[in-house]
Structure formats: C-alpha cells, structure tokens
Amino acid sequence: MNSPETPRLTRDDVAHVANLARLTLTDDELDAFTGQLADVLDHAADLEALDLDGVAPMANPFPLVNVLRTDTPVDHDVRDEVLAAAPSIEDEQFRVPPVLGEAP
Amino acid sequence: MSASAAAIAADVRAGTRTARAVVEEHLAAIDAREDEIHAFNLVTADAALARADDLDRRIAAGEDPGPLAGVPVALKDNICTRGVPTTCSSRILDAWRPPYDATVVERLGAAGAVAIGKTNCDEFAMGSSTENSAFGPTRNPLDTSRVPGGSSGGSAAAVAAGFAPLALGSDTGGSIRQPAALCGTVGVKPTYGRVSRYGLVAFGSSLDQIGPLAASVTDAALVLEAIGGHDPRDSTSIPEPSPDLTGVLGGGVDGLRIGIIDELMGEGVEGIAADVKARVEEAAAALSAAGAAVEHVSVPSTVYGLSAYYLVAPAEASSNLARFDGVRFGLRVDADTAAAMNTATRTAGFGDEVKRRIMLGTYALSAGYYDAYYGKSQKVRTLIQEDFGRAYETYDLLLSPTAPTTAFPLGDKTGDPMLMYLNDVCTIPSNLAGHPSMSVPFGTGDDGLPIGVQVLAPALDEATMFRAAAVLEEAAP
Amino acid sequence: MSDGMGERVSDAIVPGWEVVIGLEVHAELATATKLFSTARNEFGGDPNTNVDPVSLGLPGSLPVLNEKAVELAIRVGLALDCEIGRSVFARKNYFYPDMPKDFQISQYELPINGRGHLELPDGRTVGIERAHLEEDTGKSTHVGGGGRIHEAGHSLVDYNRAGVPLIEIVGAPDLRGPEDARAYVAELRAILVAIGASDGKMEEGSMRVDCNVSVRREGAAEFGTRCEIKNINSLRSLGRAIEYEARRQVDLIEAGEAVQQQTRHWNEDEGRTHTLRSKEEAYDYRYFPEPDLVPVDPSDEWIDEIRATLPALPRERRHRLAEAAGVDTAAAALTVERGMDDLAVDAIAAGADAARVLVHVDNNLADGAGRLTADAFAALVAMEVGGDLTATQAKTVLADLVASGGDPAAHAATHGFEAMDTGELESLVDRLIADHPDDWAGFVGGDDKERKKKSGFFVGQVMKATQGQADGRIVNELLERRAAGG
Ligand SMILES: [Mg+2]
Ligand SMILES: [Zn+2]
C-alpha cells in the first residue's frame with residue numbers, strides 16, 4: 001500500500017522484521033525478499049480504495065462469546081513423551097544455551 | 001481407482017471383506033506408484049495392518065466399528081497423530097512425534113477408519129503447489145509433469161492415485177479445494193468452527209479448517225459427518241452437532257436459487273482461464289436443468305479477498321510459528337545464547353516461503369503498520385462477509401471456479417510468489433467469511449486435465465451445498 | 001489521576017522533590033487448573049509435571065478459558081470498583097524460553113476490568129487503571145555463574161508455572177512515597193486474600209510488583225520521565241527500590257542530566273537498580289486479538305451472582321469499626337488487618353468502652369482471640385473501666401479468657417483480684433512522696449521528660465508495694481492531684 005502513511009517496504013524494513021522474527025538473511029536473500037514482499041504489499045494497495053469507516057474488524061468469523069470450561073484438573077501424564085522429544089534436557093527440564101537478558 | 005469408501009465400509013461391516021484385505025490392496029497401490037508421485041511423507045503400513053486386524057477381530061465378535069469401518073484414510077502431515085511423526089513438511093519438525101491425537105484423528109478412529117499415512121504438503125500449509133515441501137514435491141497422478149495443487153497436494157494426489165479412498169486436508173485459503181480441483185477429486189472446506197482445529201498445526205488460526213478430500217461427494221459427506229460437530233477443546237468450535245449430509249444427498253436442487261459470482265468469473269479478478277469459465281457455465285446449466293434458478297450475481301468485495309488474505313494469514317502465521325524456537329521440540333541448531341539458538345534453528349529449519357510469510361506477517365503487525373495492514377484487512381473481512389450475506393438473502397448457494405486454471409507444470413510459478421498466490425483468488429473469500437465451500441470435479445480443460453467447480457454456501461449450510469454437489473457430480477461430463 | 005491523592009506530599013525522600021509512583025501488581029489466581037488448560041495450577045512439585053500440550057505450547061494445541069479464573073477476575077474487579085465488561089484476549093509476541101508459545105495471551109485493548117479504585121486504610125483512594133487476565137510464564141534456572149543470569153553456562157526451563165492464571169492490576173500514578181506504595185500493596189493483598197482470588201504470597205512469587213517511579217519538583221504540574229523497576233520480591237524491597245530510584249533520578253536532574261525512560265532491575269543484594277533496556281530497545285510486541293479465543297462478555301446476572309458471594313472487604317470493615325468505635329479508619333486498620341473487627345464491633349455493641357477495646361485488640365490479642373467471646377470481652381472492659389480491675393489485672397484475665405473462655409469475674413476471683421480501696425492507695429502514695437523528696441521534686445518541677453520519668457518511678461513503687469494490684473491510671477491521677485496541691 002503505497003501511500004504517505006505506508007511507504008514502500010525497504011531493505012531495512014525487511015532486515016528489521018527478520019530480526020524481530022529471529023531469522024538471519026543473507027544479502028541476496030534480503031534483496032530477493034524485499035522485492036517479493038513489496039510486490040505483495042503493492043497488490044494490497046487496492047484496499048486503499050475501500051471506505052472502511054465504521055466497519056468493525058472481524059476477529060472470529062463465527063461470533064461466539066463466553067466459551068468457558070470448568071476448573072477441573074486432568075492428569076495428562078505427557079512428561080516422559082515430551083521430554084523424550086526435546087532437543088536437550090537436564091534434570092527433567094528443558095536445557096537451553098544461556099539466556100542473556102530478562103523477559104519483558 | 002478402487003472402490004468408494006461407502007462401498008468398502010459396507011462390505012467390511014457386513015463381513016464380506018476384511019479390513020486387512022482392504023488395507024493390503026491400498027498398500028499395494030502405494031507400492032506401485034508412490035516413488036513417482038510422492039504423496040506421502042510417511043506410510044504407516046504396519047500400524048495400518050495392525051489396526052485392520054483389530055477391526056476384523058471386533059467385527060468377527062459382532063461389533064460394528066462404525067460408518068468408515070476399514071476405510072484407509074490419508075492424513076495431511078500437519079494433523080497431529082500420537083507417537084507418529086508429524087512434520088508439516090518442514091525440517092524444523094523433523095521426526096517430531098506429538099504426545100496426542102488431533103480431535104479429527106480420534107473421531108475418524110471412532111468411526112472405524114484406518115490411518116494409512118501422513119501426506120506431503122507445502123511447508124506449514126503455505127503454498128498452492130506442494131512444491132514448498134522440505135521433502136520434495138508431490139506430482140499430479142493425472143500428469144506427473146504437473147503439480148497436484150496445494151497445500152494439501154499429497155492428500156489430493158493420494159485420493160486421485162487410489163492410494164486411499166479418503167484423505168484429510170486443511171484449508172486456510174483454498175488448500176483443500178484447489179488441489180482437489182487440480183487432481184479431479186472432491187474437496188470440502190467446512191464452515192469455520194464446524195470441524196475442530198485441535199491438533200491441527202496452526203497456520204492462519206482464524207481461517208484454518210480441516211476437511212475431506214474424496215473420490216465422491218458421498219464419501220466426502222461420510223467423512224465430514226464423522227469429523228464435524230462441537231469439540232470443547234477448540235474455543236472456536238461451533239456448538240452444533242455434526243450435520244446430516246448423507247441423508248440429504250439425493251435432495252436435488254429443484255427450487256433452489258443459485259448465483260454465479262461475476263467477480264470470480266474474471267469480471268474482477270485476473271487470470272481465470274476460458275476453459276475453466278466454460279465448465280462453470282456448463283455446471284450452472286446442469287443445475288438449472290435440475291430445477292435450480294441460476295443467474296449471475298455480483299459480490300463486489302470478493303476482489304479484495306486476495307489482498308486481505310495475504311496480510312491476515314501471514315500475520316497470524318508469524319505468531320503461530322514463533323513457537324518453533326528449538327527449545328522444546330523439533331530441530332535445534334546450537335549457538336552460544338538462547339536467542340542465537342532460536343535464530344539459527346529457525347533460519348535453518350524454515351523454507352523460503354515460510355520465511356516470506358513470517359516476515360510479511362511480522363511487518364503487518366509491527367508498530368506503526370498494524371492499522372494500515374492487519375487492522376484494515378480484518379475490516380475487509382467484515383465487508384466480504386456482509387457482501388456474501390446480501391447475496392445469500394437472494395440465493396441459497398453461489399457458484400464459481402475453484403482454481404483459475406488446470407494443473408500447471410512443476411516449477412512454473414516457484415520463482416514468483418505473487419503469481420503463485422493468484423491460484424487462491426477464488427477460494428480465499430470463503431475462508432475470510434468463514435463460510436463453507438467445496439470443489440466438485442466438472443469436466444476437463446483444453447489440456448485434458450480436470451477442472452473443479454466451487455459451490456459456496458452460507459455458514460452452517462453444508463447440507464444444501466452437498467445437495468448441489470451431488471447434482472453436479474451426477475451431471476459431470 | 002484519581003480523586004484524593006494528588007495534593008499530598010508525603011515521605012519526602014529528597015526535600016523539595018516529589019516522588020510519583022504507579023504500581024503494576026501481578027497476582028496468581030487461586031484456581032485448580034491453568035488459565036487455558038486443564039493442567040494443575042500448583043506451586044512446587046517436580047519440574048514439568050503440571051503440563052499438557054496446551055501449557056507447553058505444542059503445535060496444534062489450543063487454549064480454552066477457565067471459567068473459575070474469569071470468576072476470580074470479576075471478584076477482583078468488584079472489590080476494586082472497576083467497570084466490568086466485554087473483554088478480548090490478545091497475543092503479546094516476544095521470544096523467551098520460558099514463554100512456551102513465544103507469545104503471551106493477555107488482554108490489551110479491552111481488559112475484563114476497567115477503571116476502578118482502592119481505598120487505603122487512612123481513607124485516601126488510589127486509582128486503578130485496569131485489572132486484566134493473562135497467563136504466567138514458566139521458570140528458568142540459570143546454571144553456572146552462581147545463578148547469575150549474565151554469567152550462566154546454560155539455563156533449565158520448567159513449565160509448571162506456564163499458563164497459571166494471573167490478574168495484572170495496574171494502579172494509577174497516585175502514590176507519593178515508599179509508605180504509600182507499601183500501604184497500597186498491603187491493602188491490595190488483603191483484598192485479594194479476603195475475596196479468595198489469590199493467596200497473595202510475595203515470597204512464593206504468587207504476587208509480584210513492578211514499580212513505575214518518576215520525580216518532579218514540589219508543586220510541579222507535569223510528571224517527570226519514569227522508569228519501571230522489575231524484580232521486587234518483598235514489601236521491604238519495594239520501599240528500598242523506590243528510595244534508591246528516586247534519589248538516583250533527583251541526582252541526575254540536579255546534575256543537569258535528563259532521566260531516560262528505562263526498564264530497570266532491582267538488585268536486592270547491592271541495594272540498587274540497574275538498567276535492563278531503554279525505551280529505544282523496547283520490544284515491539286505486535287499485539288493482535290487472539291484468534292483461538294472468543295470474547296468474554298459476562299452477563300449482569302453472572303456479575304450479580306458473584307457480587308452476592310463477596311465477603312465484607314477490608315475497606316468496609318474499617319469503616320464499620322471506625323464508626324462503631326468513633327475513631328478514624330486509620331485507627332481501625334490494625335484490628336481489621338488482624339481479623340478482630342467483628343469481635344471488637346460486637347464488644348462495643350455490648351456496651352464496652354471502644355478505646356479500651358481497641359487497645360486490647362491491638363496490643364494484647366496479637367495471637368488471636370481464642371475462646372474469648374464478645375460478651376465476656378465487654379464484661380471485662382466494663383470491670384476495668386469501672387475500677388474493679390487494674391490494667392495489668394485486666395490483661396491477665398484477658399489471657400485467661402483467650403485460653404479457656406468463661407466469665408471474667410470468675411477468672412478475676414481465682415486470681416484474688418479485688419479492687420483496691422482508693423483511701424489505701426492515697427496513703428501509700430503520700431508515704432512514698434514523703435520517703436522520696438528528690439524524686440517528688442523532679443516530678444513537680446522537672447520538664448516533660450523528667451516528669452514522665454518520675455511518674456514511672458512512683459507508679460513502679462506503688463506496683464511493687466501492692467504486687468501489681470493497683471491501677472496505674474489512678475496512681476497517676478493521684479500524683480497529678482498532689483502536684484497541683486490537691
Ligand atoms: Mg505490565
Ligand atoms: Zn503482565
């Protein structure tokens with residue numbers, strides 16, 4: 001969508017989102033993805049023609065509310081299966097390389 | 001092609017044929033052509049035979065295993081099966097064995113079906129040709145130089161090749177209906193919320209639906225009856241029982257009002273081939289001959305579907321696929337820090353199309369762009385749903401092509417993502433609105449390959465949709 | 001800002017400067033299962049035992065909302081006088097190993113509880129901006145480097161806590177010092193415990209406080225730039241962290257530098273905060289409505305049903321006792337905090353002197369009322385006020401009543417407590433004055449301090465002579481009378 005509010009996607013934008021998404025791109029990939037993603041956003045420029053004032057965004061196609069379950073515990077007993085499928089474990093926990101920085 | 005699911009189940013329940021014989025016959029068909037087609041990521045032959053033997057014992061003991069007794073079913077490899085590898089055709093889930101079954105797997109089991117393997121697909125269901133699989137493409141059984149469509153291409157190919165009478169696929173923007181059309185099978189995307197998504201590895205959560213691929217409308221109806229209905233494990237599951245479809249199939253279309261969507265016949269969207277349009281007009285004529293009042297109708301906002309879809313689906317996908325981080329399951333590529341490990345794992349584990357959509361979706365949600373992209377697209381969905389709503393005030397059903405063309409050659413569109421995305425232009429609007437639609441084979445194109453006609457219905461009216469599909473199946477050239 | 005607290009300049013840490021504090025409190029809700037799955041919500045336990053596909057964020061798993069968590073959130077909303085309405089869950093996207101899906105399901109634009117307020121014991125109110133539902137994370141243990149995050153060799157993740165329901169209560173920046181902050185957290189905890197929403201245990205991490213601090217010159221209308229302080233694990237750390245952070249900010253400004261908007265970490269051992277990340281490094285959380293969940297829109301009937309089951313809140317109990325006792329709410333606070341307000345109100349209603357009742361409850365019943373009934377309490381206080389028992393004797397009888405119940409007169413008789421004849425006491429006091437002329441001179445002519453000291457001396461002598469049977473109050477009255485020439 002090329003309009004003043006939505007400037008054409010740049011290589012820096014793609015590098016930024018790759019970083020947010022925890023992906024590394026080579027320079028060639030960065031060039032290729034920039035072009036391809038910009039094409040998709042260009043196609044989406046057709047939406048600018050629509051008058052969407054007062055239109056509510058759809059979150060769920062079928063408007064259900066208050067889908068709740070009772071607070072009753074279930075013994076799932078999946079620990080062994082889950083730990084067996086983990087890339088690395090130690091003391092029944094998931095082992096990861098050092099975490100630098102704290103959670104937000 | 002071998003017998004229909006309905007016929008197999010009838011024989012097996014009656015004891016005139018064993019489930020083992022049925023499974024062996026299909027395993028033999030797989031043996032004969034699977035190397036060439038590559039419909040499966042995994043054929044679970046031993047488990048299928050063991051399951052068949054168990055069914056045979058139960059039948060011998062006087063039990064009735066259910067309406068799909070002994071029928072082999074192929075499962076798209078993004079549907080979780082306990083203890084059986086579920087890969088989404090991605091390196092990042094290489095050999096991951098889920099500790100649980102998807103609800104649809106449980107329900108098929110309860111109906112007596114026999115899981116025969118996990119089918120190939122575009123990685124994480126992102127694609128329209130099954131070429132985006134980490135394990136290589138699937139080929140169209142009707143012409144192996146062509147794609148089977150996608151993303152449920154392995155499921156469509158398995159049914160078309162006679163590897164299994166039934167398959168499950170998932171449909172986020174056309175991923176059941178488009179391959180069904182390209183492989184000449186029936187493919188159904190149910191109403192959003194009709195079939196539980198519990199155990200389906202999510203792509204676009206507000207769009208995803210599991211549905212059947214089958215050689216006939218009846219078989220598709222049997223599957224949807226078995227897997228549909230409320231599931232408390234999926235909060236978006238509609239609290240309604242599974243619809244009676246097999247009981248209404250013979251109902252015909254006499255007196256129904258049916259509209260052909262102008263925009264999807266090329267008066268709005270690009271690239272609808274002439275032979276495809278011709279078959280849709282012939283299908284309309286067949287419905288008309290069967291007593292329906294058919295006319296052309298405009299559903300104007302459907303032309304915005306593609307744009308909205310390629311913002312909404314990637315946005316949800318970017319978040320859904322964050323969990324593939326190398327911490328708890330699947331691939332890990334080690335590195336000095338947890339964050340570097342996440343990045344190394346994801347960079348090595350995801351293919352290009354997945355990366356493309358993750359980045360597109362991340363962008364569409366990012367600070368400063370949310371309103372322009374994701375927010376706006378969700379409003380467009382409301383417009384599309386309202387537009388359909390207006391059409392359904394006049395018409396019981398709508399009609400359109402399923403795919404713009406017949407199956408295209410492998411490699412034809414892999415270089416240009418936007419060109420590939422255009423395959424979904426006719427199927428996307430139903431996903432955005434949450435409405436049911438299905439593809440029914442109706443003749444062939446100039447190249448002799450199958451063409452599918454799409455029948456669209458308002459939310460929860462699968463029954464009327466199936467009635468029209470049965471008429472089209474009967475009338476198909 | 002809310003009503004009530006804007007004017008107050010209290011607890012000045014640096015003269016001439018005002019500290020502005022807003023707290024975000026996360027409390028774990030007391031449910032049996034997690035917010036979105038049927039795995040158990042239990043503290044402790046072997047690692048990764050209270051997990052299931054949903055709380056581990058396994059592919060294909062889906063969240064389903066716990067009704068009890070919604071009910072408890074509504075209880076919190078009612079207790080804080082929040083606007084309760086339609087709410088929508090949203091995904092907050094960020095990568096972190098202890099966050100299984102790499103997004104947190106929280107509430108963003110539409111929280112279940114909107115604006116409300118909390119009343120402190122002294123009657124001032126603090127604004128509540130919102131109180132929303134969200135899921136907790138798992139727990140990482142950093143191995144090697146003495147458990148310090150930056151020096152760890154690797155980390156281990158336990159997801160037992162992942163998905164536990166939290167209520168995040170965001171307070172307005174209405175607090176003006178460490179005491180305010182502590183009073184606010186204590187009151188909030190008392191409310192959460194009273195309504196059964198949470199066990200409120202800070203030491204077990206079931207209640208956690210993030211603290212936004214800024215400073216401004218006294219009388220300034222604009223807020224200063226704030227910093228958010230994380231990792232505050234006790235009321236004590238809360239006060240220390242605020243004090244440290246306020247001084248740091250004032251020092252910066254007085255040195256001609258600007259405060260940077262930052263997230264900072266409180267280090268309890270070092271007694272200081274240090275920077276975690278600046279505003280520029282702030283995360284882009286890419287919030288969007290959670291497509292796997294549907295809106296929650298509690299009906300008025302449901303809310304009324306929940307309201308009907310709420311106990312009297314600390315605030316109401318303070319007001320009730322304050323009214324009964326003729327004191328202000330601050331004076332009623334300790335009694336309510338100890339849960340003795342029913343006893344006190346009943347004893348007062350039975351005719352007991354309110355001031356004596358509060359003195360006994362606050363000073364002599366710290367370990368509970370045991371078998372003491374309101375009527376016995378009232379009778380005891382009546383005996384004491386009527387001079388039948390001295391304060392010391394009353395305390396002894398009170399202890400008996402707590403231990404074994406019964407009637408105060410009977411206990412007093414067992415101890416041989418009888419009211420001392422006033423004439424007897426007068427002659428004893430006169431004899432002591434005569435025997436200790438220097439001390440008496442000190443009492444009569446000394447300053448306040450000296451006079452107090454000497455009154456203590458004489459009362460002590462009287463108690464010694466009477467083996468504690470005299471009433472100290474009456475002795476003091478006699479001394480005053482003699483000093484005045486009476
Ligand atoms: Mg917060
Ligand atoms: Zn929070």
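All of these numbers come straight from a predicted model, not from anything done at the bench.

(A) Fine view of the overall build of chain A. Scanning chain A from N- to C-terminus turns up three helices and three strands. Scanning chain A from its N terminus toward the C terminus, one meets helices and strands in the order α-α-β-α-β-β. Computed over the C-alpha atoms, the radius of gyration of chain A is 22 Å, more than 25% above the 13 Å expected from 2.2 N^0.38 for a compact globule of 104 residues. Within chain A, the fraction of its 104 residues that count as buried is 41%. Nonlocal contacts in chain A, meaning residues at least 24 apart in sequence, comprise 45% of its contacts between residues at least 6 apart. Roughly 5300 Å² of accessible area belongs to chain A as shown, and the carbon and sulfur atoms make up 49% of that amount. A distance of 7 Å separates the average location of the 6 positive side-chain charges in chain A from that of its 22 negative side-chain charges.

(B) Up close: the coordination of the magnesium ion (ligand 1). Residues and elements named next belong to chain C. Here the magnesium ion (ligand 1) is held by E24 (OE) and E168 (OE), and the distances to it run 2.5 Å. Here the zinc ion (ligand 2) and the magnesium ion (ligand 1) are spaced 4.1 Å from one another, each receiving a donor from E168. Pair noted here: E24 is in strand β1 (residues 17-28) and E168 is in strand β9 (residues 165-171), with a separation of 144 residues, a long-range link. E24 gets classed as buried once you look at its relative accessible area, which sits at 17%. When its relative accessible area of 8% is taken as the criterion, E168 is described as buried.

(C) The sheet that holds strand β6 (residues 209-214) of chain B, seen in detail. Residue and element names in this part refer to chain B. Read across the open sheet, the 11 strands follow the order β1-β3-β2-β4-β6-β5-β10-β11-β9-β7-β8; overall the sheet is mixed. Every other strand in the sheet has two partners, leaving β1 (40-43) and β8 (293-297) as the edge strands with one partner each. Across the sheet, the mean angle separating the axes of adjacent strands is 30 degrees when strand polarity is ignored. Relative to β8, strand β7 (residues 257-261) is paired through five bridges, and the arrangement is parallel. By the bridge assignment for β8, I260 is matched with H296.

(D) Geometry of the coordination of the zinc ion (ligand 2). Taken together, the protein ligands of the zinc ion (ligand 2) are H26(C) (NE2), E134(C) (OE) and E168(C) (OE), with distances of 1.9 to 2.1 Å. Sequence spacing among the residues donating to the zinc ion (ligand 2) works out to H-x107-E-x33-E.

(E) Fine view of the layout of surface pockets. Of the voids in this model, the second largest pocket is the one considered here, and its volume is about 1000 Å³. As for the second largest pocket, its lining consists of 39 residues, and the residues nearest its centre are P57(A), A59(A), Y370(B), E109(C) and P289(C). At the level of elements, α12 (371-394) of chain B together with β3 (89-93) and β14 (288-289) of chain C are the ones that each hand at least two residues to the lining of the second largest pocket. In the lining of the second largest pocket, the residues fall into 25 nonpolar, six polar and eight charged.

(F) Seen up close, the interface of chain C and chain B. Tallying the contact residues gives 30 residues for chain C and 38 residues for chain B. Carbon and sulfur atoms supply 59% of the area buried between chain C and chain B, which totals about 2600 Å² over both sides. For chain C, the biggest contributors to the area lost against chain B are P59(C), L62(C) and R286(C); these three give 23% of the whole. One salt bridge connects R197(B) with D292(C), and the closest N-O pair in it is separated by 2.9 Å. Along the contact surface separating chain C from chain B lie 14 residue pairs in polar contact (both at pLDDT 80 or more). Those elements giving two or more residues to the side of chain C that touches chain B turn out to be β3 and β14 of chain C.

(G) Examining a negative patch on the surface more closely. On the surface, D77(A), D80(A), D91(A), E92(A) and D46(C) cluster together to form a negatively charged patch. The residue D77(A) is located in the loop between β1 (68-69) and α3 (79-84) in this model.

(H) Up close: the domain arrangement of chain B. All names here are of chain B. According to the domain assignment, chain B consists of domain 1 (5-249) and domain 2 (250-307 + 372-475). The partner domain 2 presents 46 residues to the 45 residues of domain 1 that form the contact. Summing both partners gives a buried area of about 3500 Å² for domain 1 against domain 2, and 61% of it is carried by carbon and sulfur. Counting across the domain 1 and domain 2 interface gives two salt bridges. The interface formed by domain 1 and domain 2 holds 27 residue pairs in polar contact (both at pLDDT 80 or more) in total.

Parameters and conventions
Residues numbered from 1 in each chain as written. Chains lettered and ligands numbered in written order. Predicted model: local features only at pLDDT ≥ 70, side-chain atom pairs only at ≥ 80, totals over all residues. Heavy atoms only, no water. Helix = DSSP H or I, 4+ residues; strand = E, 2+ residues; numbered from the N terminus. Rg over C-alpha atoms; globule rule 2.2 N^0.38 Å. Buried < 20%, exposed > 50% of the residue type's maximum accessible area, 1.4 Å probe, protein only. Contact = heavy atoms within 4.5 Å. Areas by Shrake-Rupley, 256 points an atom, 1.4 Å probe, with all protein chains shown as cover. Lys, Arg positive; Asp, Glu negative; His and termini not counted. Charge placed at Lys NZ, Arg CZ, Asp CG, Glu CD. Donors = N, O, S within 2.8 Å, 3.2 Å for Na, K, Ca; no water. Pairing = 2+ DSSP bridges. Axes fitted to C-alpha atoms, helices over the stretch in contact; angles between N-to-C directions. 1 Å grid on protein atoms, 1.4 Å probe; cavity = no way out; pocket = protein on both sides within 12 Å on 5 of 7 lines; lining within 4 Å. Points joined across faces, edges and corners; volume = space filled by probe spheres on them. Nonpolar A, V, L, I, M, F, W, Y, C, P; charged D, E, K, R; others polar. Buried area = accessible area lost by both parts, 1.4 Å probe. Salt bridge = Lys/Arg side-chain N within 4 Å of Asp/Glu carboxyl O. Polar contact = N/O pair within 3.5 Å; in protein donor to acceptor, adjacent residues only side chain to side chain. Patch = residues over 30% accessible without salt bridge, like charges linked within 9 Å, V, L, I, M, F, W, Y side chains within 5 Å. Domains from an automatic or database assignment.

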